[in-house]
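Results of the structural survey
Here is how the chains run, residue by residue.
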Amino acid sequence: MKIDWDRRTCARKGHVTYAPDEDGLRARLHAETALGGAWRCLRCGDFVLGEPHGSGPADHAPLVPRGKVLRDLFILRFLAIERAVRGVFIVLVALAVWKFSNSQDSVRRLFDEYLDVFRPVFKHFHYDLDHSPVVGTIQKTFGYKHSTLMLVAVLLLVYALIELVEAVGLWYAKRWAEYLTVVATAAFLPLEIYELTEHVSYLKIATLLLNILAVLYIALAKRLFGLRGGRKAFEEERESASLMEVEESAGVPAGAA
Ligand SMILES: [Zn+2]
């Protein structure tokens, strides 16, 4: 299924029309109908009744993200939401670790009390709670030093902060956020791969794949680190975009107007 990002966006935000000063282009973007004049939308190409939203030289036309650029924006926003959700989740985990580090002793007492209550019950079913791996893991957690737990909480908060900053920057398609995302995500890849060698889960595999794809996609599509011509090519692409949009909407091959 091919998604028409242009039409979807117009349906949500409305059309964008522009009357260029150049006569040739102007004539191609304009149509007289029985209901009055209509202008061609720079994004989706539909003719829209009424006055144009703007006018002036063609290369001053508003930059309307469409086609590939618009698709890139959608992908960046998907990544932004994914990062925001992950960031909030990690903040909650950090808070839980911090709370636990402060009430470690009372939680341990509570746990031991429950253990005493349930020990005979489990014994009845021939289950030895004192040698259960789950109980062992929990008891080991109680053994962690307060300072260790605080350090874990702080590291988790720093990680969450990076994710949240990435989320905001990616949502607004900021170039620094794209760099931050690529660098930070790539930096954590070895850790994610190490995690997989310890314990394999679908969620971990999915996260790893998503992060690898995100790094490759952003670096290539946004021409980071000098890839595909780098920043210069990226900006040239943007500058010529507004004129090209008008020409393309008018059905003129780029450069022929
Ligand atoms: Zn439109």
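Procedures and definitions
- Residues numbered from 1 in each chain as written.
- Predicted model: local features only at pLDDT ≥ 70, side-chain atom pairs only at ≥ 80, totals over all residues.
- Heavy atoms only, no water.
- Pairing = 2+ DSSP bridges.
- Helix = DSSP H or I, 4+ residues; strand = E, 2+ residues; numbered from the N terminus.
- Donors = N, O, S within 2.8 Å, 3.2 Å for Na, K, Ca; no water.
- Buried < 20%, exposed > 50% of the residue type's maximum accessible area, 1.4 Å probe, protein only.
- Core = buried A, V, L, I, M, F, W, Y, C linked by side-chain atoms within 4.5 Å.
- Domains from an automatic or database assignment.
- Contact = heavy atoms within 4.5 Å.

So, about the pairing of strand 3 (residues 36-40). Two faces, one strand: in a regular strand the side chains alternate between the faces of the sheet. Across four bridges, the pairing between strand 2 (residues 30-33) and strand 3 is antiparallel. Each bridged residue has a counterpart across the sheet, and for E32 the counterpart in strand 3 is G37. Hairpin remark: strand 2 followed by strand 3, antiparallel, with two residues in the connecting loop. With three bridges connecting them, strand 3 and strand 4 (residues 47-49) associate as antiparallel partners. Its bridge partner lying in strand 4, W39 is registered against V48. Between strand 3 and the antiparallel strand that follows it, strand 4, lie six residues; G45 among them carries a positive phi value of about 90 degrees.

Every protein donor of the zinc ion is accounted for by C10 (SG), H15 (ND1), C41 (SG) and C44 (SG), and the metal-donor separations fall at 2.0 to 2.3 Å. Along the chain, the residues that donate to the zinc ion are spaced as C-x4-H-x25-C-x2-C. Of this pair, C10 sits in helix 1 (residues 5-13) while C44 sits in the loop between strand 3 and strand 4, and the two are 34 residues apart along the sequence. Given the relative accessible area of 15%, C44 is considered buried.

A word on the nonpolar core. Counting twelve residues, the largest nonpolar core is built from L76, L79, A80, L170, A177, V182, A214, V215, Y217, I218, A221 and L224. Elements with a minimum of two residues in this core: helix 3 (67-102), helix 7 (175-198) and helix 8 (202-221). Looking at this core element by element, the count peaks at five residues for helix 8. If you count residues domain by domain, this core takes at least three from each of domain 2 (67-172) and domain 3 (174-240). Excluding residues within four positions of it along the chain, I218 makes contact with L76, L79, L170, E178, T181, V182, R223 and L224. Core analysis: the second largest hydrophobic core is formed by nine residues, V97, V135, L149 and A153 among them.

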